[in-house]
Amino acid sequence: MRAVGYQQSLPIDQDDSLMDVELPSPEPGPRDLLVEIKAVSLNPVDTKVRMRAQAEPGGYKVLGFDAAGIVRGVGKDVSLFKEGDQVFYAGAITRQGTNAEFHVVDERLVGTKPKSLGFEEAAALPLTTLTAWETLFDRLDIRHPVKGAANAVLIVGGAGGVGSIAIQLARRLTDLTVIATASRPDTQAWVKELGAHHVIDHGKPLAAQVEALGIGAPAFVFSITHTDNHFAEIAKTIAPQGRFALIDDPKGPLDIMLLKGKSVSIHWESMFTRSTFQTADMERQHEILNEASRLVDAGTIRTTLAEVVGPINAANLKRAHALIESNRTRGKLVLSGF
């Protein structure tokens, strides 16, 4: 089968950073689906894994997590899907990725593709939807208010893939006031369009801007990017006994003592925790994606596809990786077919 992989971690402008290769088609395990890949999308984790995870000696590492496609084979213990089903999912970081014609994935991580979306639009959704959903509802528990705090969530980095879904979920599924950060006119317009009640500029100190809104200290803060740059301002902004979540990899140590006086709880989110550790509730990702699919088909939330880069090949993936590494993308970049 055709695939895109690499043998050593290299900057994306190097010829061998990503290569078009031929690999054997994978065989599904007992609870696996064999999926014919129709579209994939890019996430920051793709670029991070490329720079830190090496291929097996003599082999190729295949990246890619988000995918939409058609089930072409099932393992002997599969019960949730059948051949011919159209699916979407974000996969597992411990296995080969989706930048290939065929891919195997545990059925418990897979959802039924929204009927109202094409494969490209669907491929933009899984990883960011799971990350946003798990952060908001499983970690921060935003449906459980903080007494005395403003019933509001501050989303730092609202215009990227995760923020674009988090804004929609918080706005459409709760009564929270949604404050999102964005620093450019186009990204500020984007987060407003997605449902943010207020937009502030993360290029300026956050606390004074939130205070100027006049709604009080927010109960929840969800930091998606550059947490190390914003942490002191977040500590000033968040309400006493508030809940703070982050998903990025801060470049330096965070002074968590800044949160002690307010008894603020800290919540890490990694979408790959359930699949990596085979947690007892791993099937929750199947449930979340199915619920997200229902919400899309009902018109409650929408895809965050921003651009279809082109077919799945090394040249297009290099361009997409470079765009992700620029930290200036809006929504999701998608590649379609081979």
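Below is a short write-up of the structure. (Residues numbered from 1 in each chain as written. Predicted model: local features only at pLDDT ≥ 70, side-chain atom pairs only at ≥ 80, totals over all residues. Heavy atoms only, no water.)

As for the side chain of T303
Rules: Runs of H or I in DSSP of at least four residues are treated as helices and runs of E of at least two as strands, each being numbered from the N terminus. Residue contacts follow a heavy-atom distance rule, with two residues in contact if any of their heavy atoms lie within 4.5 Å.
With respect to the secondary-structure elements, T303 resides in the loop between helix 9 (284–297) and strand 15 (305–310). T303 has contacts with L117, E121, A124 and L125, leaving out every residue within four places of it along the chain.

Focus: the sheet that holds strand 1 (residues 2–6)
Note the cut-off: Being paired, for any two strands, means DSSP has found at least two bridges between them.
If you trace the 3 strands from one edge of the open sheet to the other, you get 2-1-4, paired in antiparallel fashion. Each end of this open sheet is capped by a strand with a single partner; those strands are strand 2 (19–22) and strand 4 (61–62).

Here we look at the nonpolar core
Soluble globular proteins tend to pack their nonpolar side chains together in the buried interior. What counts, and what does not: For our purposes a nonpolar core is just a set of buried Ala, Val, Leu, Ile, Met, Phe, Trp, Tyr and Cys residues, chained together by side-chain atoms within 4.5 Å. Burial classes follow relative accessibility: with a 1.4 Å probe on protein chains only, a residue under 20% of its type's maximum area counts as buried, one over 50% as exposed, and anything between as partly exposed.
Among the nonpolar cores identified, the biggest contains 84 residues, and Y89 and L136 are the most heavily contacted of them. When neighbours within four sequence positions are excluded, Y89 is seen to be in contact with V35, I37, F65, D66, A67, T98, H103, V105, L109, V110, P126 and L289. Among the nonpolar cores identified, the runner-up in size contains 17 residues, and A150, V210, L259 and V264 belong to it.

Details of the packing of aromatic side chains
The following threshold applies: What counts as a ring pair is set by centres within 6.5 Å for rings of Phe, Tyr and Trp (its six-membered ring), and what kind of pair is set by the plane angle: stacked under 30 degrees, edge-to-face over 60, tilted for all other angles. As a reminder, the over-ring test applies to NZ of lysine and CZ of arginine, requiring each to be within 6 Å of the ring centre and within 35 degrees of the ring normal.
Scanning the entire structure with this criterion turns up 3 aromatic pairs. Judged by centre distance (5.1 Å) and plane angle (55 degrees), the ring pair of F65 and F272 falls under tilted. Of this pair, F65 sits in the loop between strand 4 and strand 5 (66–74) while F272 sits in the loop between strand 14 (265–268) and helix 8 (273–276), and the two are 207 residues apart along the sequence. The pair F65 / F272 is uniform in exposure class, with both members buried. Above the ring of F137, the side-chain terminus of R143 is found at 4.2 Å from the ring centroid. Cation over ring: R302 sits above W190, and NZ or CZ is 5.5 Å from the ring centre.

Without other data, these values stay purely geometric and don't point to any function.
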